[in-house]
Number of protein chains: 2
Amino acid sequence: MNLHPKNTSARTVRPVRRQQLHENVARQLRALILEGVLSDGDRIIETALCAQLNVSRTPLREAIKTLIHEGLIEHRPNRGARVTKTTAKEMRQLFEVISGLEMLAAETVATSIKPTEFKRLQSLHDKMAMHHAAGERDEYFVLNHQIHLKIVELSGNPILVETHASLMTRARHLRYQALAGQDRWMEAMEEHNGIMKAFEAGDAALAGRLMKQHVRRTGEVVEATFPGP
Amino acid sequence: MNLHPKNTSARTVRPVRRQQLHENVARQLRALILEGVLSDGDRIIETALCAQLNVSRTPLREAIKTLIHEGLIEHRPNRGARVTKTTAKEMRQLFEVISGLEMLAAETVATSIKPTEFKRLQSLHDKMAMHHAAGERDEYFVLNHQIHLKIVELSGNPILVETHASLMTRARHLRYQALAGQDRWMEAMEEHNGIMKAFEAGDAALAGRLMKQHVRRTGEVVEATFPGP
DNA sequence: TATGCCCAAATTGTATACAATATACAATGT
DNA sequence: ACATTGTATATTGTATACAATTTGGGCATA
């Protein structure tokens, strides 16, 4: 038998996901922050968390480092780590950068999307529209998020996907989605309609412009409704 | 006496830069990769590097983690770390993303740059033009890099600066600058002239478009002249 | 010769021990 | 009482020890 699975013809078998402890810890810690169990500015005491998670300090520290790079945690030498305090302004700046990335993605997608891909995207869009019409807020937001991710994915640029994902994690720090009111919800749905039409027409410039405006607007609304400084 | 130096009038005393070991190690390791001492695909054996750098494995592993997040190193569980092998295609994709970010920066700068800032930028530009005219390649490229960084900085968006910086590190993986020929050099200088004019005119759309094209073109040239796959 | 198995060496992953640093609080002097 | 200094404690940073995993080679077997 071949020791190197990659060289076999088997497409169906994929290497088992070899989890490292620190990855698990990072995921859990991330969840704790996103779910608000740990809130902004909270000090993270290594030994205390170690006891709770039942791991030693080494993997925890590695996980902390991961979240630092994701921007969820801040760290001062010899003074430990804290959950990043995000201000309204930073939130807008975050969306500003995301708007640049998604604009790029939208332009690429409008130029190069294949019929089957477009159909799949359209079906997501339709599903979202349904939830919107039905007033099902949570389901709407899940679909909305998926669509944005999908568009970035369709750009076919892994570096774009990765960069975008990292920033999105920070943006989801607060459940900002819940903050937007009815008006913005309507508006956003319209913007999505426009973007889909631009895709269909293959109008890259338009798709890019609309996407950028859409995300930027979202950021402005988030900034305006953001609690704290 | 006040325990908090920030509140004193003393502007002259600033807190000492408290270096952590792993930061030093990360810097050195980064340099080793960028300078080509460690080349693409090279395995990184922790104990061996530890001996060379005279540190224990813990800070080295932390430094490795940092470079992983920067994209300079890849890592497979239980199989150690390797210097990332960058393909020509990935290089173009990298510049693609950078073009999106710099476009955003250029648009913002064109809208909001202050006269004094513009003057400073213009002086950098002029200096670069001089080196260009004099055929001083290395000096030209240093200035060129500084100008791009400056424009991103002038956007006033720290998240943009940070994201951009991280991607630029990866882009500098190879001294791609040296690869571009005389033709591209001429062309790039012209593009920079156009961008500066757009800034002066306050034409955000134009500045953004020109910047995007400029960076994208750079990426294409890099892709074309890139060694390896 | 080729294949599969098993073991040993090398290497990475995790836990723990020790050192350096920061923080809180009591002691001291003014 | 107030500010300053000294000391104990808590916490982080680094080194080392131990466990788990991978890798490569020898050897038996067909």
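Presented here is a report on the structure given in the accompanying data block. These numbers were taken from a predicted model, which means no experiment stands behind them.

1. Here's the deal with the overall build of chain A
Now for step 1: Helix and strand content of chain A: nine helices and three strands.
Now for step 2: Starting at the N terminus and walking to the C terminus, you meet the elements of chain A as α-β-α-α-β-β-α-α-α-α-α-α.
Now for step 3: In chain A, buried positions account for 45% of the 229 residues.
Now for step 4: Relative to all contacts within chain A whose residues are 6 or more apart in sequence, the contacts with residues 24 or more apart total 74%.
Now for step 5: On chain A, roughly 12,600 Å² of surface is accessible, and the fraction owed to carbon and sulfur atoms is 52%.

2. Here we look at the environment of Ser56 of chain A
Now for step 1: Position of Ser56 of chain A among the secondary structure elements: in the loop between helix H2 (46-53) and helix H3 (57-70).
Now for step 2: A relative accessible area of 43% places Ser56 of chain A in the partly exposed class.

3. Observations concerning the packing of helix H4 (residues 88-112) of chain B against helix H7 (residues 158-171) of chain B
Residue and element names in this part refer to chain B.
Now for step 1: At a minimum axis separation of 10 Å, H4 and H7 run at an interaxial angle of 155°. On the basis of the axis angle, H4 is roughly antiparallel to H7. Once H4 is placed against H7, the crossing between them reads as left-handed. Between H4 and H7, the contacting residues are Met91, Leu94, Phe95, Val97, Ile98, Leu101, Glu102, Leu104 and Ala105 on the first element and Leu160, Thr163, His164, Leu167, Met168, Arg170 and Ala171 on the second.
Now for step 2: Grouping the constituent residues of the contact of H4 with H7 by class yields 12 nonpolar, two polar and two charged.

4. Re helix H8 (residues 182-201) of chain B
Residues and elements named next belong to chain B.
Now for step 1: The end-to-end C-alpha separation of H8 is 29 Å, in line with the 28 Å expected for 20 residues at 1.5 Å each.
Now for step 2: Turning to H8, its buried residues are Arg184, Trp185, Ala188, Met189, Glu191, His192, Ile195, Met196, Ala198 and Phe199.
Now for step 3: On its buried face, H8 is in contact with H4, helix H5 (115-134), helix H6 (137-154) and helix H9 (204-225).
Now for step 4: Downstream of H8 by one or two residues, Gly202 has phi in the positive range, about 70°.

5. Quick notes on empty space enclosed by the protein
Now for step 1: Tallied over the entire structure, the rule returns two cavities of 30 Å³ or more.
Now for step 2: Lining the second largest cavity are Gly100, Met103, Leu104, Glu107 and Lys212 of chain A together with Gly100, Met103, Leu104, Glu107 and Lys212 of chain B.
Now for step 3: Elements supplying a minimum of two residues to the lining of the second largest cavity: helix H4 (88-112) of chain A together with H4 of chain B.
Now for step 4: When the residues that make up the lining of the second largest cavity are grouped by side-chain class, the tally is four nonpolar, two polar and four charged.

6. With respect to the pairing of strand S3 (residues 80-83) of chain B
Residues and elements named next belong to chain B.
Now for step 1: Burial along S3 is one-sided: Ala81 and Val83 are buried, and none of Gly80 and Arg82, which face the opposite way, are.
Now for step 2: Bridge count between strand S1 (residues 43-44) and S3: two bridges; the pairing is antiparallel. Following the sheet pairing, Arg43 is matched in S3 by Arg82.
Now for step 3: Strand direction decides the pairing type here: strand S2 (residues 73-76) and S3, joined by four bridges, are antiparallel. For Ile73, the partnering residue across the bridge sits in S3 and is Val83.

Conventions adopted
- Residues numbered from 1 in each chain as written.
- Chains lettered and ligands numbered in written order.
- Predicted model: local features only at pLDDT ≥ 70, side-chain atom pairs only at ≥ 80, totals over all residues.
- Heavy atoms only, no water.
- Helix = DSSP H or I, 4+ residues; strand = E, 2+ residues; numbered from the N terminus.
- Buried < 20%, exposed > 50% of the residue type's maximum accessible area, 1.4 Å probe, protein only.
- Contact = heavy atoms within 4.5 Å.
- Areas by Shrake-Rupley, 256 points an atom, 1.4 Å probe, with all protein chains shown as cover.
- Axes fitted to C-alpha atoms, helices over the stretch in contact; angles between N-to-C directions.
- Parallel < 35°, antiparallel > 145°, perpendicular 65-115°, else oblique.
- Left-handed = near helix turned anticlockwise from the far one by under 90°.
- Nonpolar A, V, L, I, M, F, W, Y, C, P; charged D, E, K, R; others polar.
- Expected span 1.5 Å × (residues − 1).
- 1 Å grid on protein atoms, 1.4 Å probe; cavity = no way out; pocket = protein on both sides within 12 Å on 5 of 7 lines; lining within 4 Å.
- Points joined across faces, edges and corners; volume = space filled by probe spheres on them.
- Pairing = 2+ DSSP bridges.

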